[in-house]
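# Secondary and tertiary structure notes
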Amino acid sequence: MNLPNKLTCLRMLMVPFFVAAMVLSFSNHYLWALILFVTASFTDMLDGKIARKRGLITDFGKFMDPLADKILVTSALICFVELWVTPAAVIIVIIAREFVVTSLRLIAAPKGIVIAADIFGKMKTVSQMIWVATTIVQMYLEEELLIGIPLLAEMNIVLMWVTLGLTVVSGINYLWKNRAILSDMK
């Protein structure tokens, strides 16, 4: 197994520890969650760069890298719902988009068509990771300081709506660009 694929596996292995840090109450648990999330997000950027630079792109990486991203981010978003940080409707739209795009890829794969991430998908992923990280920062600071931080709360609301918008736009874009695949499903 090459280094990029090991980083992808490491990201997936970090998810249970991240979730535990989010939902279990122990000293500095949100700080640990933040560290784990940022580290896992960094491995996402790093594994792609290494794979492209060294010519180590594999079928395993093509499949597992986006899956690892989805597991990491959706785990965080589901924790946000459990912790009453984000409305469930927002998370449902985000997860629904992931199901739609993943289903589209599964329909395309047997036809020999690879649906690669495009600029909107990458922007969506980056916005999700920034939003999740800043929300965890807010949660950590509020727990430590025992007060709300209005500017940070407002910023996270804006990031939530930006992320939701990019999620919807990227989903529509994938469907539009690959509508021929769907028209063949008769």
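Everything numeric in this text was worked out from a predicted model, so none of it was measured. Every chain is numbered on its own, with residues counted from 1 as its sequence reads. Selection of residues for local features in this predicted model requires a pLDDT of at least 70, selection of side-chain atom pairs for listing and counting requires 80 or more, and totals for whole chains, interfaces and linings are taken over all residues. As a rule here, side-chain values come from all non-hydrogen atoms in the structure, and water together with hydrogens is ignored.

## Some remarks on the nonpolar core
Of all hydrophobic cores here, the largest spans 31 residues; its most connected members are Phe18, Met22, Phe37, Leu77, Trp131 and Ile136. To qualify as a helix, a DSSP run of H or I must reach at least 4 residues; to qualify as a strand, a run of E must reach at least 2; elements of each kind are numbered from the N terminus. Among the elements of the structure, helix H1 (3–23), helix H2 (29–54), helix H3 (59–82), helix H4 (88–108), helix H5 (119–145) and helix H6 (150–177) are those that each provide at least two residues to this core. At 7 residues, the largest contribution of residues to this core is made by H5. The criterion used for residue contact is that any of the two residues' heavy atoms lie within 4.5 Å. If sequence neighbours within four positions are ignored, leucine 77 has contacts with Ile91, Ile94, Trp131 and Val132. What we call a nonpolar core is a set of buried Ala, Val, Leu, Ile, Met, Phe, Trp, Tyr and Cys residues that are connected through their side-chain atoms within 4.5 Å. Relative accessibility thresholds used throughout: buried, under 20% of the residue-type maximum; exposed, over 50%; partly exposed, between the two (1.4 Å probe, protein chains only). Val101, Ile115, Tyr174 and Ile181 belong to the second largest nonpolar core, which has 6 residues in total.

## What about the packing of aromatic side chains?
The geometry of an aromatic ring pair is captured by two quantities: the separation of the ring centres and the angle between the planes. Geometry of aromatic contacts follows a simple scheme: Phe, Tyr and Trp rings, the Trp one being its six-membered ring, pair when their centres are within 6.5 Å, and the pair is stacked under 30 degrees between planes, edge-to-face over 60, tilted otherwise. Overall, the coordinates contain 2 aromatic pairs when judged by the stated rule. Pairing phenylalanine 18 with phenylalanine 37 gives two aromatic rings, centres 5.6 Å apart and planes at 45°, and the pair type is tilted. Taken together, the residues phenylalanine 18 in helix H1 and phenylalanine 37 in helix H2 connect sequence positions 19 residues apart. When sorted by exposure, phenylalanine 18 lands in the same class as phenylalanine 37, which is buried. For the pair phenylalanine 80 and tryptophan 131, a centre-to-centre distance of 6.0 Å together with 70° between the ring planes defines the contact as edge-to-face. Linking phenylalanine 80 in helix H3 with tryptophan 131 in helix H5, this pair joins segments that are 51 residues apart in sequence. Comparing phenylalanine 80 with tryptophan 131, the two get one shared label, buried. One cation-aromatic arrangement involves arginine 105 over tyrosine 174; the distance from NZ or CZ to the ring centre is 5.4 Å. For a ring to carry a charge above it, either NZ of a lysine or CZ of an arginine must fall within 6 Å of the ring centroid while also lying within 35 degrees of the normal to the ring plane.

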